[in-house]
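# Structure assessment
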Amino acid sequence: MQNTLVNDIQLVIVEDEAHNSRLLQGLIKDLRPNWKVEAVLESIEESVAWLNSHKAPDLLLMDIQLSDGDCFAIFDKVKLPSSCRIIFTTAYDEYAIKAFKVNSIDYLLKPIEKDALKNAFLKFEELIKNDSFQSNEIDYKNLLNSILQEKKEYRTRFLISGVNSYKKIETNKIAYFYSENKLSFAVDFDNVEHTLDYTLEQLESELNPNDFFRANRKVILNVESVSKIMIDLGGKLNIETLPKSRFEITVSRLKSAEFKQWMGK
């Protein structure tokens, strides 16, 4: 990094929402046209594969919440040099920002604004000029825990809107959540389906992680709904629930260890 020029930066975007990655690429081209975007990665699995097979970039622009889990899981599988800096992008509320400041990690709060990105780039460039890269490794797992612990209260119920009325449903009565055609649904233990005005990303941030697990891009499971776990030949897990879902629920090979740990708590 000592020989790296400010106008010759290689960076990687880790972002699973196409409109956000396009926005970032456009802002980068506008703000730093000489910087090169080496790759745009959409998941933990894809990021681990790329980072383990390529030279680490100078800069990572990384979304915290990816389709297959929190981005911090990447660092369980990849060892990045201290010269690789990270700017996190996040939709988390203010409670998370304290943790980032304490750990001296750059972050951008979504929706990403041009001036905020510009300031983050200026800070990054100042680090390069001063050669002041962090020599100590960051414990990303502890960082994630510190972020989550800031939010002590989790959602305990939902207000469901009907045609002419509303009804309340307790969170612990919901077997699983799923998304389909850009809509989100909650299926209770009586196998009744309810439409929700939340994305799965919003739900995941508001549900107690001891009770609910993001199995994949489409499904969040209640631990009490899992009735059977079957191991596929490829290492992924096939999950059966009660009530039985009308579609297949799988956990990827990379998330299987995390899922098994969650189930065994």
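Our structure is the block above this text.
It should be emphasised that the depicted structure is a prediction, and the values quoted were computed from it without experimental measurement.

On to the pattern of salt bridges, then. Oppositely charged side chains are able to pair whenever their charged atoms sit close together. Under the criterion given, the structure shown has eight salt bridges. Here K36 makes a salt bridge to E38, at a shortest N to O gap of 3.9 Å. Of the residues examined, K36 reaches a relative accessible area of 49% and is grouped as partly exposed. R155 is paired through a salt bridge with E206; the nearest N and O atoms lie 2.7 Å apart. Of this pair, R155 sits in the loop between helix 5 (140-150) and strand 8 (157-161) while E206 sits in helix 6 (residues 200-206); the two residues are 51 residues apart in sequence, bridging distant segments of the chain.

This paragraph deals with the sheet that holds strand 10 (residues 174-180). Neighbouring strands of a sheet are bound in pairs by backbone hydrogen bonds; such pairs are parallel or else antiparallel. Taking strand neighbours across the sheet as the criterion, the five strands line up as 12-11-10-14-13 in an open arrangement whose pairing is antiparallel. Both edges of this open sheet fall to strand 12 (193-196) and strand 13 (212-214), since each of them pairs with a single strand only. The mean angle between the axes of side-by-side strands here comes to 20°, regardless of whether they run parallel or antiparallel. Sheet topology places strand 10 next to strand 14 (residues 219-222); three bridges connect them, and they run antiparallel. Looking at strand 14, one finds that F177 is bridged to I220. Contacts from helix 7 (residues 253-263) reach strand 13 and strand 14, with the element oriented near 175° to strand 13.

Moving on to the environment of I169. Considering the arrangement of structural elements, one finds I169 in strand 9 (residues 166-170). Judged by its relative accessible area of 9%, I169 falls in the buried class. As a C-alpha pair, I169 and F158 span eleven residues in sequence and 5.4 Å in three-dimensional space.

What counts as what
- Residues numbered from 1 in each chain as written.
- Predicted model: local features only at pLDDT ≥ 70, side-chain atom pairs only at ≥ 80, totals over all residues.
- Heavy atoms only, no water.
- Salt bridge = Lys/Arg side-chain N within 4 Å of Asp/Glu carboxyl O.
- Buried < 20%, exposed > 50% of the residue type's maximum accessible area, 1.4 Å probe, protein only.
- Helix = DSSP H or I, 4+ residues; strand = E, 2+ residues; numbered from the N terminus.
- Pairing = 2+ DSSP bridges.
- Axes fitted to C-alpha atoms, helices over the stretch in contact; angles between N-to-C directions.
- Contact = heavy atoms within 4.5 Å.

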